[in-house]
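# Coordinate inspection notes
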Amino acid sequence: MLFFPRVFLNSKEEKEINQGFPWVFDNEISHIKTKKVSGQNEEWVNVSLKEADIAPGTPVEIFTKAGGFLGTGILNKNSKITIRIISNEHGDEVYKDIESFWSKRVSDAYNIRQIHYKPQDSYRLIFAEADLIPGFICERYCDENENVYLVVQFLSMSCEIFRKEILDALEKCCRPYGIFERSDADVRNKEGLELKAGWIGAKRESEIVIVENGIRIKVDLENGQKTGYFLDQKDNRAVAAQFCHGKSVLDTFTHTGAFGLNAFKAGAKSVISVDISEEAVETVNKNIQLNKAESVMTAVCADVFDLLKQYEAEERKFDVIILDPPAFTKSAKMVQKAYGGYKEINLRAMRLLNKGGILITCSCSHFFDTNTFYDMLMHAAMDSHRRVQILEKRGAGPDHPVLLGYPKSEYLKCAITRVF
């Protein structure tokens, strides 16, 4: 019978867990009750987290200070996120058939997405904690030949130790043509894990072409940012395109040119897509050629902050401006600094719009929450002497579910606005 050390929390630390929060931090732990073996004898002893001789990846049961059971998780002393909760059941229930446990988690995530997506679509198949597989990301790409590729990220010890079970479940569910691992994010260092990347199983071409909203997009599974492409904006790109017919469009922080290409397909008069990365601009140009958009769309390599200032000085005007920047803050401490950055690009964009122009503006930082985001927009409008209508408040697509009690899963804000 498998033995599970018992982790007891400090007083009142269970509130967020009861609300659905799936992590336990090191400073929330009171003590650990574990077995001490001496010769033929064993006894239960209470030790501090620091004193506990528990290997990273060990399953533990979590309890309130008073002894109320909370769930089963995976402990990793290397990480500030010391326990990631995998179930609200007792450990013996989880581990009596661990293959079936993870197979069901994977198939549940797969099945719920079949409501929204067709076999030829590309989408996020598993969204870590929000799909109850902590630390694990899986993107499902379908290329033009309808070959299915999976890009996987094992970002925490809590999924790394179940690598075989999760991959077996994905093989059974998806029958992929190829699986590429992108476990090369710095967060693995914080978990005490080595960075790794490469094909799992058969090696395939790392550059593929997918079709999104009727647009052909080149995706580099091996060298593209994060998992190769940002699937979370798919629906927002389609909505943004509805405002672009016959319009002049400025698409900033473009990455692959996807927003601009959607605008082109919708009949935009002109599209300028901007990114500071030369590699990104090279990709945009390839995508422009793929979609025969050369007569309408231009890629520009520039710092967006500088370019917005330049266009304002030149009194340039646009009908539609899209702001889809990377996260300006990756910590709560930097929110105020990020506020200034978001406000600057938004107020300058507002000044560059023709009267009644459309601003599609986004933030992908979960630390920059919804209230802060719309407060920033209000002050950007005030300082730019514009009035702004919010036509629609949007977020990530249905392949990025939100887990109640876990705010990090609701990270993307996308506002469709009219500026006058």
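The coordinates are above.
Below: a short report on this structure. Predicted, not measured: the structure shown is a model, and the values here were computed from it.

### Section: helix α12 (residues 370–383)
Between its first and last C-alpha, α12 extends 20 Å over 14 residues, near the 20 Å set by a 1.5 Å rise per residue. Against the buried residues of α12 lie α11 (335–352), β19 (353–363), β20 (388–394) and β21 (413–419). The first or second residue beyond α12 is H385, which carries a positive phi of 60 degrees.

### Things to note about the packing of helix α7 (residues 234–241) against helix α8 (residues 258–265)
Working note: a packed helix pair is described by the angle between its axes plus the distance between those axes. Between α7 and α8, the shortest axis-to-axis distance is 8 Å and the interhelical angle comes to 40 degrees. On the basis of their axis angle, the class for α7 and α8 is oblique. Here α7 runs over α8; the crossing is right-handed. On α8, the residues that touch N236, R237, A238, A240 and A241 of α7 are A258, F259, N262 and A263.

### Topic: the pairing of β19
Of all 11 residues that make up β19, 8 are buried, and the element is covered over most of its length. Direction of pairing for strand β18 (residues 318–323) relative to β19: parallel, over a ladder of 5 bridges. In the strand pairing of β19, F318 is matched with L353. Handedness of the β-α-β unit built from β18, α11 and β19 comes out right-handed.

### Examining the pattern of salt bridges
Summed over all chains, the structure comprises 23 salt bridges. Residues R182 and D184 are paired through a salt bridge, measuring 3.0 Å at the closest nitrogen-oxygen approach. Relative accessible area serves as the criterion here: at 6%, R182 is assigned to the buried category. Residue D184 is classed as partly exposed on the basis of its relative accessible area, which comes to 30%.

### Description of the nonpolar core
Of all hydrophobic cores here, the largest spans 37 residues; its most connected members are Y141, I217, V219, L221, Y229, V249 and I360. Per-element tally for this core: the top contributor is α8, with 4 residues. Excluding residues within four positions of it along the chain, I360 makes contact with A240, V320, I321, I322, L323, C414, A415 and I416. Ranked by size, the runner-up nonpolar core spans 32 residues in total, among them V304, A338, L352 and L377.

### Points about the sheet that holds β21
Spatially, the 7 strands line up as an open sheet ordered β17-β16-β15-β18-β19-β21-β20, and their pairing is mixed. Edge positions in the open sheet fall to β17 (297–301) and β20, since each of these has one partner strand only. Sheet twist, expressed as the average angle between the axes of neighbouring strands with direction ignored, equals 15 degrees. Lying over the sheet, α7 contacts β19, β20 and β21, oriented at roughly 145 degrees with respect to β20.

### Some words on the sheet that holds strand β11 (residues 178–183)
Strand pairing in a sheet relies on backbone hydrogen bonds. The paired strands run either parallel or antiparallel. Pairing is mixed in the open sheet, where 5 strands are placed in the order β8-β9-β10-β11-β12. Sheet topology places β8 (123–127) and β12 (196–200) at the edges, where each strand pairs with a single neighbour. Adjacent strand axes in the sheet meet at a mean angle of 15 degrees when their direction is disregarded. Both strand β10 (residues 148–154) and β11 contribute to a ladder of 4 bridges, which runs parallel. Residue pairing for β11: L150 is matched across the bridge by I179. Where helix α5 (residues 163–174) meets the sheet, it contacts β8, β9 (136–142), β10, β11 and β12, and its direction lies at approximately 160 degrees from that of β10.

### Quick notes on unusual backbone geometry
At E315, a position not held by glycine, the phi torsion is positive, near 60 degrees. Inspection of the secondary structure assignment puts E315 in the loop between α10 (304–313) and β18. Residue E315 is classed as exposed on the basis of its relative accessible area, which comes to 67%. Within the chain, H385 stands out as a residue other than glycine whose phi angle is a positive 60 degrees.

What counts and how
Residues numbered from 1 in each chain as written. Predicted model: local features only at pLDDT ≥ 70, side-chain atom pairs only at ≥ 80, totals over all residues. Heavy atoms only, no water. Helix = DSSP H or I, 4+ residues; strand = E, 2+ residues; numbered from the N terminus. Expected span 1.5 Å × (residues − 1). Contact = heavy atoms within 4.5 Å. Axes fitted to C-alpha atoms, helices over the stretch in contact; angles between N-to-C directions. Parallel < 35°, antiparallel > 145°, perpendicular 65-115°, else oblique. Left-handed = near helix turned anticlockwise from the far one by under 90°. Buried < 20%, exposed > 50% of the residue type's maximum accessible area, 1.4 Å probe, protein only. Pairing = 2+ DSSP bridges. Right-handed = clockwise from strand over helix to strand, strands pointing away. Salt bridge = Lys/Arg side-chain N within 4 Å of Asp/Glu carboxyl O. Core = buried A, V, L, I, M, F, W, Y, C linked by side-chain atoms within 4.5 Å.

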